[in-house]
Amino acid sequence: PAWQAGNSAYSAGFNFIAATVARVGGDDLGLHLRLYQVIGLLSMLLASWLVGLAARPPVGESPVEWARLSPAAATATVLFCPLAVIDGTQSAHNDSLLALGMALFVLLAQRRRSAGAFGALAAGLLIKATALLPLGVHCLQLALGRLRWRWLRRPAPVVGAALVASVALLGAILYLRARHPWLHTYTALLGTPDVPYDKCTRSVECLPRVLLRFVFHAPVAAWLVGLAFRVAAALLLLYAALRAARDGRSLEWMAFGLFLYYLFLHGWSQSWYLLPLLPLLPFASPRVAAGLKVFLVSSVAYYALVIPLDCITSELGLALGDLVEAIVEIIPPTVVLWRFGNQRAGRHRSTSEPSPTHR
């Protein structure tokens, strides 16, 4: 009943695909699974091919951004990523279709086909609501790109104004939701203080929210922590769009914003949500690429714990299981980001010091 009466993140495009699979598969559930796996496999094959094309400089013109991988390496990086093999093909999640749309966006953006690139991202909304994230970052970048350069050179006032606007918008949404209960369907991500448990898993915000709700019995404080994470996520994506508009490296900064969002600020963490980030990997900065590669592995590494931990029924056991899964997924890419930053800082200091003869 919860599935039938609740809201859905899927849209008309995927519903059409699912209806077609249902008609072809009939009562054979095994055939249903194989058809979805074939769709996922074809999506990842096409996505990797498109990313390879995007990494190849177009004949007679320079690309918008230079790829940091060769075309062959870019293709292999997408196609043979463990996340693509496990979640994009074997588990047949429809986020592989979003990865295909992202790959088409990357190629068209590289070829300076701005209208087609926008359409490729917008088409993802026909599959799933999470396609709104990259589309939103892209729209923000386009809007900010029309501002005067002097505003873009000073991101602090823009981010400060966005913070005030985000808090005001959040307050307006909560006020309207209290007066119109039907809005709960579209604002489920914001949650409420009176739920039995917070809608988060394998994410940074889970730890303080679980402690506040179940240890300190402060459900309102736990809910406010979730709202603070939603505001922080909006500011992060705005910053990524602002830097993209200022620097002109839209793919690099989109990879930056979406990677940090899913690593630190997304509440309901599922590994397959990362599939649309794969086509951005060849264009990410070295530091983001290093962390993202580890994240794309650690995000499926916790699967080794899922089956044995599913046999645990005690609340303490479930809590410890969730904590261990989060550590396996979040800590490795975080360590890589931290060590990569320290190494670059060390190299910068060593090159900025005067030579012995200078001294």
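Thresholds, definitions, all that
Residues numbered from 1 in each chain as written. Predicted model: local features only at pLDDT ≥ 70, side-chain atom pairs only at ≥ 80, totals over all residues. Heavy atoms only, no water. Helix = DSSP H or I, 4+ residues; strand = E, 2+ residues; numbered from the N terminus. Rg over C-alpha atoms; globule rule 2.2 N^0.38 Å. Buried < 20%, exposed > 50% of the residue type's maximum accessible area, 1.4 Å probe, protein only. Contact = heavy atoms within 4.5 Å. Core = buried A, V, L, I, M, F, W, Y, C linked by side-chain atoms within 4.5 Å. pLDDT = per-residue confidence, 0-100. 1 Å grid on protein atoms, 1.4 Å probe; cavity = no way out; pocket = protein on both sides within 12 Å on 5 of 7 lines; lining within 4 Å. Points joined across faces, edges and corners; volume = space filled by probe spheres on them. Nonpolar A, V, L, I, M, F, W, Y, C, P; charged D, E, K, R; others polar. Expected span 1.5 Å × (residues − 1). Phe/Tyr/Trp six-rings, centres within 6.5 Å; stacked < 30°, edge-to-face > 60°. Lys NZ or Arg CZ within 6 Å of the ring centre and 35° of its normal.

Engineer: Just checking my understanding: could you explain the overall build of the chain for this structure?
Structural biologist: Along its length, the chain carries 16 helices and zero strands. Against the 2.2 N^0.38 benchmark of 21 Å for 359 residues, the chain shows a C-alpha radius of gyration of 22 Å, consistent with a compact globule. Sorting the 359 residues of the chain into buried and exposed places 42% on the buried side. In the chain, the share of contacts with a sequence separation of at least 24, taken over all contacts with a separation of at least 6, comes to 71%.

Engineer: Where do I start with the nonpolar core in this structure?
Structural biologist: The tendency in soluble globular proteins is for nonpolar side chains to be buried as a group. Within the largest apolar cluster, 76 residues are counted, with the highest numbers of intra-cluster contacts made by Phe105 and Phe259. When residues of this core are assigned to their parent elements, the largest contribution, 15 residues, is made by helix 12 (residues 219-247). Not counting the four nearest positions on each side in its chain, Phe259 is found in contact with Leu277, Val288, Gly291, Leu292, Phe295 and Leu337.

Engineer: Looking at this structure, I do not really get the confidence of the model for the chain. What am I missing?
Structural biologist: Looking at the chain as a whole, the pLDDT averages 89, with 92% of positions reaching at least 70. Segment residues 353-359: pLDDT under 50, and one contact once partners within four positions in sequence are set aside and those in other chains are kept.

Engineer: What is the right way to read the layout of surface pockets from this model?
Structural biologist: If you roll a probe as big as a water molecule over the atoms, it shows you where there is empty space left. By volume, the second largest pocket amounts to about 240 Å³. Considering the residues around the second largest pocket, the lining is formed by 13 residues, among which Ala109, Ser114, His138, Gln141 and Ser250 are closest to the centre. For the lining of the second largest pocket, the elements supplying multiple residues, two or more each, are helix 6 (95-110), helix 7 (114-123) and helix 8 (132-145). Looking at the lining of the second largest pocket residue by residue, the classes come out as six nonpolar, five polar and two charged.

Engineer: Just to check I follow, could you spell out helix 8 for this structure?
Structural biologist: Side chains of residues three or four places apart in an α-helix project in the same direction, reflecting 3.6 residues per turn. Taking 1.5 Å per residue, 14 residues should reach 20 Å; helix 8 reaches 19 Å between its end C-alpha atoms and fits that length. Residues of helix 8 that are buried include every one of Leu133, Pro134, Leu135, Val137, His138, Gln141 and Leu144, and no others.

Engineer: Sorry if this is basic, but what is going on with the packing of aromatic side chains here?
Structural biologist: The geometry of two aromatic rings is summed up by the distance between their centres and the angle between their planes. According to the stated counting rule, one finds 10 aromatic pairs in the structure shown. Measuring from centroid to centroid gives 5.0 Å for Trp253 and Phe256, while their planes differ by 75°, and the two rings are edge-to-face. Residue Trp253 and its partner Phe256 are located together in helix 13 (residues 250-265), separated by three residues, close to a single helical turn. Note on Trp253: relative accessible area 9%, which makes it buried. Connected via pairs of aromatic rings, a cluster forms that spans Tyr261, Tyr262, Trp272 and Tyr273. Directly above the ring of Trp268 sits Lys199, whose terminal nitrogen or CZ lies 4.3 Å from the centroid.

Engineer: Quick question: what am I supposed to make of the environment of Pro71 here?
Structural biologist: Checked against the element boundaries, Pro71 lands in helix 4 (residues 71-79). Given the relative accessible area of 24%, Pro71 is considered partly exposed. Separated by 17 residues in the primary sequence, Pro71 and Ala54 place their C-alpha atoms 7.6 Å from one another. For Pro71, the residues in contact, after removing those within four places along its chain, are Gly52, Ala55 and Arg56.

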